[in-house]
Amino acid sequence: MRYKQGVADIRNTKKVRQLAAELRDECALRGVILVAGEAEEILAGKISAIARQLGVTERTALDRYLPDDVVHALAEVVGTEGVTYRRAVDAAEPVTLDIADIGRVIAALGMTMKLATDALEKPGGRADAFGVATDCADAVVGIGAAIRNTDGDDEVEIGGPTLVYTRKVLQRAIELIRDGTWACPCRSRHTQGATCSLQDNLINDLNLVGGWAAGAHEPPADQR
Ligand SMILES: [Zn+2]
(Lines give C-alpha, C1' and ligand atoms only; values in the text may rest on other atoms or scores of the structure.)
Protein backbone atom coordinates (compact mmCIF):
# COMPACT_ATOMS: atom_id res chain seq x y z
CA MET A 1 0.00 0.00 0.00
CA ARG A 2 2.84 2.35 0.92
CA TYR A 3 4.47 1.60 -2.40
CA LYS A 4 1.34 2.39 -4.41
CA GLN A 5 0.87 5.73 -2.69
CA GLY A 6 4.53 6.42 -3.37
CA VAL A 7 3.96 5.97 -7.09
CA ALA A 8 1.00 8.36 -7.05
CA ASP A 9 2.96 10.92 -5.01
CA ILE A 10 5.96 10.76 -7.28
CA ARG A 11 3.93 11.51 -10.38
CA ASN A 12 2.38 14.54 -8.71
CA THR A 13 5.65 16.08 -7.58
CA LYS A 14 6.78 19.34 -9.10
CA LYS A 15 10.03 17.74 -10.24
CA VAL A 16 8.34 14.91 -12.13
CA ARG A 17 5.90 17.33 -13.73
CA GLN A 18 8.79 19.46 -14.92
CA LEU A 19 10.68 16.43 -16.23
CA ALA A 20 7.49 15.17 -17.90
CA ALA A 21 7.07 18.48 -19.74
CA GLU A 22 10.70 18.22 -20.95
CA LEU A 23 10.17 14.60 -21.95
CA ARG A 24 7.06 15.48 -23.97
CA ASP A 25 9.05 18.17 -25.81
CA GLU A 26 12.01 15.88 -26.45
CA CYS A 27 9.73 13.11 -27.74
CA ALA A 28 7.83 15.56 -29.97
CA LEU A 29 11.19 16.58 -31.50
CA ARG A 30 11.63 12.90 -32.39
CA GLY A 31 8.18 12.74 -33.95
CA VAL A 32 6.43 10.93 -31.07
CA ILE A 33 3.44 12.62 -29.42
CA LEU A 34 2.84 11.28 -25.91
CA VAL A 35 -0.76 11.11 -24.68
CA ALA A 36 -1.86 12.74 -21.41
CA GLY A 37 -0.12 11.20 -18.41
CA GLU A 38 2.18 9.06 -20.52
CA ALA A 39 5.37 11.05 -19.86
CA GLU A 40 4.68 10.92 -16.10
CA GLU A 41 4.12 7.14 -16.35
CA ILE A 42 7.37 6.61 -18.21
CA LEU A 43 9.26 8.65 -15.61
CA ALA A 44 7.53 6.92 -12.70
CA GLY A 45 8.50 3.56 -14.23
CA LYS A 46 12.12 4.67 -14.47
CA ILE A 47 12.18 6.07 -10.91
CA SER A 48 10.58 2.91 -9.57
CA ALA A 49 13.19 0.77 -11.34
CA ILE A 50 16.06 2.83 -9.89
CA ALA A 51 14.50 2.67 -6.41
CA ARG A 52 14.17 -1.11 -6.62
CA GLN A 53 17.69 -1.53 -7.93
CA LEU A 54 19.25 0.59 -5.16
CA GLY A 55 16.88 -0.47 -2.39
CA VAL A 56 15.82 3.11 -1.64
CA THR A 57 12.43 4.82 -1.65
CA GLU A 58 11.13 6.33 -4.88
CA ARG A 59 11.32 9.76 -3.30
CA THR A 60 15.03 9.23 -2.58
CA ALA A 61 15.59 7.86 -6.08
CA LEU A 62 13.90 10.94 -7.53
CA ASP A 63 15.79 13.41 -5.35
CA ARG A 64 19.26 11.90 -5.46
CA TYR A 65 19.78 9.16 -8.00
CA LEU A 66 18.08 10.25 -11.20
CA PRO A 67 20.78 10.63 -13.89
CA ASP A 68 21.17 14.16 -15.27
CA ASP A 69 20.46 12.97 -18.80
CA VAL A 70 17.38 10.89 -17.84
CA VAL A 71 14.98 12.87 -20.04
CA HIS A 72 17.27 12.69 -23.03
CA ALA A 73 17.90 8.96 -22.53
CA LEU A 74 14.19 8.14 -22.17
CA ALA A 75 13.31 10.27 -25.21
CA GLU A 76 15.90 8.34 -27.23
CA VAL A 77 14.24 5.05 -26.27
CA VAL A 78 10.75 6.37 -27.06
CA GLY A 79 11.99 7.86 -30.34
CA THR A 80 13.59 4.58 -31.42
CA GLU A 81 10.39 2.70 -30.60
CA GLY A 82 8.50 5.30 -32.63
CA VAL A 83 10.72 4.69 -35.65
CA THR A 84 10.34 0.91 -35.29
CA TYR A 85 6.59 1.39 -35.05
CA ARG A 86 6.38 3.57 -38.17
CA ARG A 87 8.48 1.06 -40.12
CA ALA A 88 6.19 -1.72 -38.96
CA VAL A 89 3.11 0.23 -40.08
CA ASP A 90 4.64 0.85 -43.52
CA ALA A 91 5.64 -2.77 -43.93
CA ALA A 92 2.43 -4.39 -42.66
CA GLU A 93 0.50 -6.22 -45.38
CA PRO A 94 -3.22 -5.98 -44.61
CA VAL A 95 -4.93 -9.18 -43.49
CA THR A 96 -8.48 -10.21 -44.35
CA LEU A 97 -10.57 -11.96 -41.71
CA ASP A 98 -14.11 -13.30 -41.64
CA ILE A 99 -16.54 -12.03 -39.02
CA ALA A 100 -16.03 -14.99 -36.66
CA ASP A 101 -12.27 -14.45 -36.59
CA ILE A 102 -12.70 -10.69 -36.15
CA GLY A 103 -14.86 -11.56 -33.14
CA ARG A 104 -12.04 -13.69 -31.72
CA VAL A 105 -9.53 -10.88 -32.19
CA ILE A 106 -11.82 -8.32 -30.52
CA ALA A 107 -12.34 -10.71 -27.59
CA ALA A 108 -8.56 -11.17 -27.29
CA LEU A 109 -8.07 -7.39 -27.25
CA GLY A 110 -10.77 -7.09 -24.57
CA MET A 111 -9.04 -9.75 -22.45
CA THR A 112 -5.70 -7.98 -22.89
CA MET A 113 -7.27 -4.68 -21.86
CA LYS A 114 -8.69 -6.34 -18.76
CA LEU A 115 -5.28 -7.80 -17.81
CA ALA A 116 -3.67 -4.39 -18.39
CA THR A 117 -6.27 -2.70 -16.18
CA ASP A 118 -5.62 -5.24 -13.41
CA ALA A 119 -1.86 -4.65 -13.77
CA LEU A 120 -2.35 -0.87 -13.42
CA GLU A 121 -3.23 -1.43 -9.77
CA LYS A 122 0.02 -3.23 -9.06
CA PRO A 123 3.44 -1.63 -8.58
CA GLY A 124 6.06 -2.24 -11.21
CA GLY A 125 3.99 -2.93 -14.30
CA ARG A 126 2.28 0.42 -14.61
CA ALA A 127 4.15 1.93 -17.56
CA ASP A 128 3.73 -1.25 -19.60
CA ALA A 129 0.08 -1.66 -18.65
CA PHE A 130 -0.74 1.94 -19.51
CA GLY A 131 0.81 1.63 -22.96
CA VAL A 132 -0.89 -1.69 -23.67
CA ALA A 133 -4.32 -0.40 -22.55
CA THR A 134 -3.98 2.68 -24.75
CA ASP A 135 -2.87 0.68 -27.79
CA CYS A 136 -5.70 -1.84 -27.19
CA ALA A 137 -8.21 0.98 -27.29
CA ASP A 138 -6.74 2.25 -30.57
CA ALA A 139 -6.87 -1.26 -32.05
CA VAL A 140 -10.54 -1.72 -31.10
CA VAL A 141 -11.47 1.67 -32.54
CA GLY A 142 -9.63 0.80 -35.78
CA ILE A 143 -11.30 -2.61 -36.08
CA GLY A 144 -14.71 -1.04 -35.46
CA ALA A 145 -14.06 1.39 -38.30
CA ALA A 146 -12.92 -1.47 -40.57
CA ILE A 147 -16.12 -3.44 -39.86
CA ARG A 148 -18.25 -0.36 -40.49
CA ASN A 149 -16.56 0.10 -43.87
CA THR A 150 -17.43 -3.40 -45.11
CA ASP A 151 -21.09 -2.61 -45.90
CA GLY A 152 -22.28 -5.95 -44.58
CA ASP A 153 -19.61 -7.93 -46.41
CA ASP A 154 -18.51 -11.03 -44.49
CA GLU A 155 -14.81 -10.23 -44.87
CA VAL A 156 -13.02 -7.46 -43.04
CA GLU A 157 -9.64 -6.07 -44.04
CA ILE A 158 -7.37 -4.88 -41.25
CA GLY A 159 -4.20 -2.99 -42.09
CA GLY A 160 -1.92 -0.09 -41.17
CA PRO A 161 -1.72 1.14 -37.57
CA THR A 162 -4.74 -0.95 -36.47
CA LEU A 163 -3.02 -4.16 -37.52
CA VAL A 164 0.27 -3.14 -35.91
CA TYR A 165 -1.41 -2.13 -32.63
CA THR A 166 -3.32 -5.41 -32.56
CA ARG A 167 -0.19 -7.51 -33.09
CA LYS A 168 1.85 -5.42 -30.69
CA VAL A 169 -0.55 -5.63 -27.74
CA LEU A 170 -1.27 -9.34 -28.14
CA GLN A 171 2.46 -10.10 -28.41
CA ARG A 172 3.19 -7.93 -25.37
CA ALA A 173 0.40 -9.55 -23.33
CA ILE A 174 1.77 -13.01 -24.11
CA GLU A 175 5.27 -11.91 -23.03
CA LEU A 176 4.07 -10.25 -19.82
CA ILE A 177 2.06 -13.32 -18.80
CA ARG A 178 4.94 -15.61 -19.71
CA ASP A 179 7.55 -13.75 -17.65
CA GLY A 180 5.16 -13.45 -14.71
CA THR A 181 4.85 -9.63 -14.79
CA TRP A 182 1.11 -10.06 -15.28
CA ALA A 183 -0.80 -12.55 -13.17
CA CYS A 184 -2.68 -14.96 -15.43
CA PRO A 185 -6.32 -15.48 -14.38
CA CYS A 186 -6.80 -18.73 -16.33
CA ARG A 187 -7.32 -22.00 -14.51
CA SER A 188 -4.87 -24.18 -16.38
CA ARG A 189 -1.47 -25.13 -14.97
CA HIS A 190 1.27 -22.52 -15.09
CA THR A 191 4.66 -24.14 -15.46
CA GLN A 192 7.93 -22.60 -16.52
CA GLY A 193 8.66 -23.04 -20.21
CA ALA A 194 5.13 -24.20 -21.07
CA THR A 195 2.26 -22.02 -22.26
CA CYS A 196 -1.05 -22.05 -20.36
CA SER A 197 -4.43 -22.13 -22.09
CA LEU A 198 -4.86 -18.34 -22.05
CA GLN A 199 -1.43 -17.89 -23.62
CA ASP A 200 -2.29 -20.54 -26.23
CA ASN A 201 -5.49 -18.69 -27.07
CA LEU A 202 -3.72 -15.36 -27.35
CA ILE A 203 -1.03 -16.95 -29.56
CA ASN A 204 -3.76 -18.37 -31.84
CA ASP A 205 -5.44 -14.96 -31.99
CA LEU A 206 -2.10 -13.30 -32.75
CA ASN A 207 -1.59 -15.77 -35.58
CA LEU A 208 -5.03 -14.88 -36.98
CA VAL A 209 -3.74 -11.37 -37.60
CA GLY A 210 -0.53 -12.67 -39.15
CA GLY A 211 1.71 -12.81 -36.08
CA TRP A 212 4.17 -10.16 -35.15
CA ALA A 213 7.26 -9.91 -37.33
CA ALA A 214 9.02 -6.68 -36.35
CA GLY A 215 10.22 -6.58 -32.77
CA ALA A 216 9.14 -10.07 -31.79
CA HIS A 217 11.43 -11.75 -29.30
CA GLU A 218 10.27 -15.16 -30.38
CA PRO A 219 8.45 -16.46 -33.44
CA PRO A 220 4.80 -17.55 -33.05
CA ALA A 221 4.35 -20.96 -31.43
CA ASP A 222 3.72 -22.87 -34.65
CA GLN A 223 6.99 -21.68 -36.20
CA ARG A 224 9.37 -22.56 -33.38
ZN1 LIG B 1 -2.88 -18.90 -17.68
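Residues numbered from 1 in each chain as written. Predicted model: local features only at pLDDT ≥ 70, side-chain atom pairs only at ≥ 80, totals over all residues.

**Student:** I'm lost on the packing of helix α2 (residues 14-29) against helix α5 (residues 70-91) in this one. Help?
**Tutor:** The description of two packed helices rests on the angle between their axes and on the distance between the axes. Their axes nearest at 9 Å, the elements α2 and α5 cross at an angle of 40°. One element, α2, and the other, α5, form an angle in the oblique class. For the crossing formed where α2 meets α5, the hand is right-handed. Across from Leu19, Glu22, Leu23, Glu26 and Cys27 in α2, the residues of α5 making contact are Val71, His72, Leu74, Ala75, Val78 and Gly79. Across the contact of α2 with α5, the residue classes tally to seven nonpolar, two polar and two charged. (Axes fitted to C-alpha atoms, helices over the stretch in contact; angles between N-to-C directions. Helix = DSSP H or I, 4+ residues; strand = E, 2+ residues; numbered from the N terminus. Parallel < 35°, antiparallel > 145°, perpendicular 65-115°, else oblique. Left-handed = near helix turned anticlockwise from the far one by under 90°. Contact = placed C-beta atoms within 7 Å. Nonpolar A, V, L, I, M, F, W, Y, C, P; charged D, E, K, R; others polar.)

**Student:** What is the right way to read the nonpolar core from this model?
**Tutor:** In this structure, Val169 and Ala173 are the most contacted members of the largest nonpolar core, which totals 31 residues. In terms of residues, this core owes the most to one element, helix α8 (residues 160-178), which gives nine residues. Beyond its immediate chain neighbours, meaning those up to four positions away, Ala173 contacts Thr112, Leu115, Val132 and Leu202. If you look at the next biggest cluster of nonpolar residues, it comprises 17 residues, including Ile10, Ala20, Ala39 and Ala44. (Core = buried A, V, L, I, M, F, W, Y, C linked by C-beta atoms within 7 Å. Buried ≥ 20, exposed ≤ 12 C-beta atoms within 10 Å, placed from the backbone.)

**Student:** Before we go on, may I ask you to explain helix α9 (residues 197-208) in this structure?
**Tutor:** Within an α-helix, residues lying three or four positions from one another point in the same direction, as the helix has 3.6 residues per turn. Taking 1.5 Å of rise per residue, the 12 residues of α9 would be expected to cover 16 Å, and the 17 Å separating its terminal C-alpha atoms lies within 8% of that figure. What α9 keeps buried is the set Leu198, Gln199, Leu202, Asp205 and Leu206. Along the axis of α9, the buried positions cluster into a sector of 125°, meaning they face one direction only. Among the structural elements, α6 (99-120) and α8 are those in contact with the buried residues of α9. Downstream of α9 by one or two residues, Gly210 has phi in the positive range, about 90°. (Expected span 1.5 Å × (residues − 1). Arc of directions from axis to C-beta.)

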